[in-house]
Structures are given as structure tokens and as C-alpha cells.
Amino acid sequence: MERDPYEQMRMAMVEYQIAARGIHDPRVLDAMRRVPRHLFVPAGYERAAYEDTPLPIGQGQTISQPYIVALMTALLAPGPGDRILEIGAGSGYQAAVLAQLAGEVVTVERLPEVAAAARQNLARADVRNVEVLVGDGTQGRPESAPYAGIIITAAAPQVPDPLLTQLADGGRLVAPVGGRDIQELVRVVRHGDRFRQESAGPVRFVPLLGEHGW
Ligand code: SAH
């Protein structure tokens with residue numbers, strides 16, 4: 001990506017908010033350095049984009065805190081050539097970060113206006129391997145399954161069954177699971193018909209609505 005006026009703020013964000021908190025995977029740090037986060041926030045919030053906080057993006061939705069985006073990316077561990085499914089496109093920023101590391105990202109957003117803004121943000125950032133779809137992501141997207149990675153960026157009461165079905169063998173699913181106000185960040189790894197789940201600490205997301213959501 002070209003140099004831009006926010007580059008220094010972005011480098012500082014990666015150093016002090018992400019690397020300093022224990023995320024050391026060079027591919028993840030590099031992806032966070034490359035994606036111009038200020039292009040994924042509402043006009044006037046460009047500098048705030050690099051602060052250690054989530055931000056409102058309209059329609060009651062938020063762009064996640066940079067550290068959480070990096071943490072979820074590291075847990076998902078997307079590899080070159082992987083197809084990744086995201087539920088909750090929001091601003092498109094998390095998808096843009098994943099797209100630096102994966103072959104392609106399919107992201108589903110239930111609000112058409114939010115999806116349109118995500119498409120616009122991704123185009124401005126020149127990210128080409130992300131497809132933004134409108135619909136209920138709790139059903140997944142069977143047409144392009146299986147996925148090496150599935151990430152839910154809204155709070156789920158439980159991991160939706162259709163998503164587990166659409167996970168490839170050896171695939172990873174990362175999601176905030178729990179109550180409406182506070183959740184546990186979980187990673188599920190598929191081994192054949194078995195699903196191994198581990199936990200990565202408390203998080204707070206807006207609710208996942210829909211058939212297999214709230
Ligand atoms: N990943 C986003 C942040 C997502 S905020 C980013 O990087 O900016 C959560 C998003 O999930 C919201 O936009 C919300 O509309 C969406 N959402 C909630 N339930 C959904 C569902 N069932 N299917 C698809 N999107 C959903």
C-alpha cells in the first residue's frame with residue numbers, strides 16, 4: 001500500500017496496542033500495518049481510527065478495537081490460498097485485514113446500507129479479494145463451503161450449527177460466544193467430526209441477530 005498521512009499513527013498502533021500486548025505473528029502485524037484503517041471509519045474520525053478503541057460506524061454498529069481485530073486474526077490463522085467466511089462485515093476492516101493473509105474472503109452483512117459502505121471502503125482501500133454479501137450470516141454460505149476459517153464478528157448466543165458444518169477439516173472458527181453484554185472469545189478447531197474448543201478471554205460485541213443468533 002502507498003504511503004499516507006496516517007502511516008506513522010498506524011505503525012504506532014501496531015507497536016503499542018498490538019505487539020506490546022503479546023501478538024507477535026509477523027504476518028498479522030504486517031497485515032495490520034498495511035491496511036489503512038482510517039478509510040474504514042466515518043468521515044471526520046480518521047485520526048480516532050488509530051486509537052485503542054472501537055468506533056461507531058452508523059446503524060448502531062461498530063468497527064472493532066484494533067487489538068481485537070489482530071487477536072481474532074491471529075486465532076483464525078488464515079493461510080495463503082485459504083477461503084475465509086466472515087459473519088458481520090460492518091466497516092469491512094476485519095475482512096480487509098484477513099484478505100492480506102488469505103486467498104479470498106466472503107463476508108456476510110445483514111444490513112444492506114452497512115454492506116454498501118463496506119464495499120465502498122474496501123474499494124477505496126484497493127482490497128480486491130473480498131466479496132460482501134447481504135443476508136443472515138448465521139446460515140453461513142453453503143455455496144462456497146467448506147472454509148478454512150470462519151469468523152463471527154458479532155456476539156453469538158452459541159456457535160451456529162450451519163457454520164460448524166461449513167468448516168473444513170482442520171479449519172478454525174473464531175467467535176464471541178455468550179450473553180448479550182459480555183462474551184468469551186472462543187476458537188473451535190475441526191478434526192473430522194470432532195470440534196475442539198478453547199477460550200481466549202472476555203470480549204464485548206454487538207449482538208448477532210438472525211435464525212441462529214439472538
Ligand atoms: N467486522 C466488522 C465489525 C462488525 S460489527 C468490522 O471490521 O468493522 C457487527 C456486524 O454484524 C454489524 O454490522 C451487524 O449488522 C452484523 N450482523 C449482526 N447479525 C448478523 C447476521 N445474522 N448476519 C450478518 N451480519 C450480522
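What you are looking at is a predicted structure, and each value in this text was computed from that prediction instead of being measured.

Visitor: Help me understand the overall build of the protein in this model?
Guide: The number of helices and strands found in the protein is 6 helices and 9 strands. In terms of overall dimensions, the protein is globule-like: its C-alpha atoms have a radius of gyration of 16 Å, near the 17 Å expected for 214 residues. Each principal axis of the C-alpha atoms in the protein carries an extent, and together these give about 50 × 35 × 35 Å. Per-residue burial for the protein yields a buried fraction of 53% across its 214 residues.

Visitor: Looking at this model, I keep getting lost on the site of the ligand. Mind explaining?
Guide: By nearness alone, 26 residues border the ligand, and Ser91, Glu109, Asp136, Gly137 and Leu209 come closest of all. With respect to the ligand, the side chain of glutamate 86 contributes an N or O atom lying 3.0 Å from a nitrogen atom. In the environment of the ligand, a nitrogen atom lies 3.0 Å from a nitrogen or oxygen atom belonging to the backbone of glycine 88. The fraction of the free accessible surface of the ligand (580 Å²) that becomes covered by protein chains is 99%. Of all the cavities here, the one that holds the ligand is the largest pocket. Of all the secondary-structure elements, those providing two or more residues to the shell around the ligand are strand 2 (61-63), strand 3 (83-87), helix 4 (93-101) and strand 4 (104-109). Of the residues assigned to the shell around the ligand, the class counts are 12 nonpolar, 10 polar and 4 charged.

Visitor: Just to check I follow, could you spell out the pattern of salt bridges for this structure?
Guide: The final tally for this structure, using the stated rule, is 11 salt bridges. Across the pair aspartate 4 and arginine 10 runs a salt bridge, and its minimum N-O distance is 2.9 Å. The buried category is assigned to aspartate 4, whose relative accessible area is 18%. A residue is classified by how much of its surface remains accessible, and arginine 10, at 1% relative accessible area, is buried. Across the pair aspartate 30 and arginine 33 runs a salt bridge, and its minimum N-O distance is 3.6 Å.

Visitor: What is the right way to look at the nonpolar core in this model?
Guide: It is characteristic of soluble globular proteins that their nonpolar side chains tend to be buried jointly. Ile23, Met32, Phe40, Tyr93 and Val130 are the most contacted members of the largest nonpolar core, which has 51 residues in total. When contributions to this core are tallied by element, the ones reaching two or more residues are helix 1 (7-18), helix 2 (26-34), strand 1 (55-58), helix 3 (66-76), helix 4, helix 5 (112-124) and strand 5 (130-134). Ranked by residue count, the leading element in this core is helix 3, at 8 residues. When sequence neighbours within four positions are dropped, the list of residues in contact with isoleucine 23 reads Ile18, Val28, Leu29, Tyr67, Ala70, Leu71 and Ala74. In terms of nonpolar packing, the next biggest core, distinct from the first, is built from 20 residues, Leu163, Val177, Val186 and Val188 among them.

Visitor: Explain the pairing of strand 1 here, please?
Guide: On any regular strand, side chains alternate: one points to one face of the sheet, the next to the other face. Pairing geometry for strand 1 and strand 2, over 3 bridges, is antiparallel. Bridging across to strand 2, glycine 58 finds its partner in glutamine 61. Counting the residues that bridge the hairpin from strand 1 to strand 2 gives 2 residues, and of these glutamine 59 lies at a positive phi of roughly 60°.

Visitor: Which parts of the structure should I look at to understand the packing of helix 2 against helix 4?
Guide: A pair of packed helices is captured by two measures, namely the crossing angle of their axes and the spacing between those axes. Between helix 2 and helix 4, whose axes approach to 9 Å, the crossing angle comes to 125°. It follows that helix 2 is oblique to helix 4 by the angle criterion. Crossing of helix 2 over helix 4 shows right-handed handedness. Contact residues: helix 2 offers Arg27, Val28, Ala31, Met32 and Arg34, while helix 4 offers Tyr93, Val97, Gln100 and Leu101. Along the lines of polarity and charge, the residues of the contact of helix 2 with helix 4 split into 6 nonpolar, 1 polar and 2 charged.

Visitor: Would you explain helix 1 in this entry?
Guide: Along an α-helix, residues three or four apart share an orientation, since each turn contains 3.6 residues. In this model, helix 1 (12 residues) spans 16 Å end to end at C-alpha, consistent with the 16 Å of a helix rising 1.5 Å per residue. Taken as a whole, helix 1 has its buried residues at Arg10, Met13, Val14, Gln17 and Ile18. Summarising the axial view, the buried residues of helix 1 lie within an arc of 110°, below the 170-degree limit, and thus occupy one face. Turned more than 90 degrees off the buried face of helix 1, the exposed positions are Gln8 and Tyr16.

Conventions used here
- Residues numbered from 1 in each chain as written.
- Predicted model: local features only at pLDDT ≥ 70, side-chain atom pairs only at ≥ 80, totals over all residues.
- Heavy atoms only, no water.
- Helix = DSSP H or I, 4+ residues; strand = E, 2+ residues; numbered from the N terminus.
- Rg over C-alpha atoms; globule rule 2.2 N^0.38 Å.
- Buried < 20%, exposed > 50% of the residue type's maximum accessible area, 1.4 Å probe, protein only.
- Near = heavy atom within 4 Å.
- Polar contact = N/O pair within 3.5 Å; in protein donor to acceptor, adjacent residues only side chain to side chain.
- Areas by Shrake-Rupley, 256 points an atom, 1.4 Å probe, with all protein chains shown as cover.
- 1 Å grid on protein atoms, 1.4 Å probe; cavity = no way out; pocket = protein on both sides within 12 Å on 5 of 7 lines; lining within 4 Å.
- Sits in = over half its atoms within 2 Å of the grid points.
- Nonpolar A, V, L, I, M, F, W, Y, C, P; charged D, E, K, R; others polar.
- Salt bridge = Lys/Arg side-chain N within 4 Å of Asp/Glu carboxyl O.
- Core = buried A, V, L, I, M, F, W, Y, C linked by side-chain atoms within 4.5 Å.
- Contact = heavy atoms within 4.5 Å.
- Pairing = 2+ DSSP bridges.
- Axes fitted to C-alpha atoms, helices over the stretch in contact; angles between N-to-C directions.
- Parallel < 35°, antiparallel > 145°, perpendicular 65-115°, else oblique.
- Left-handed = near helix turned anticlockwise from the far one by under 90°.
- Expected span 1.5 Å × (residues − 1).
- Arc of directions from axis to C-beta.

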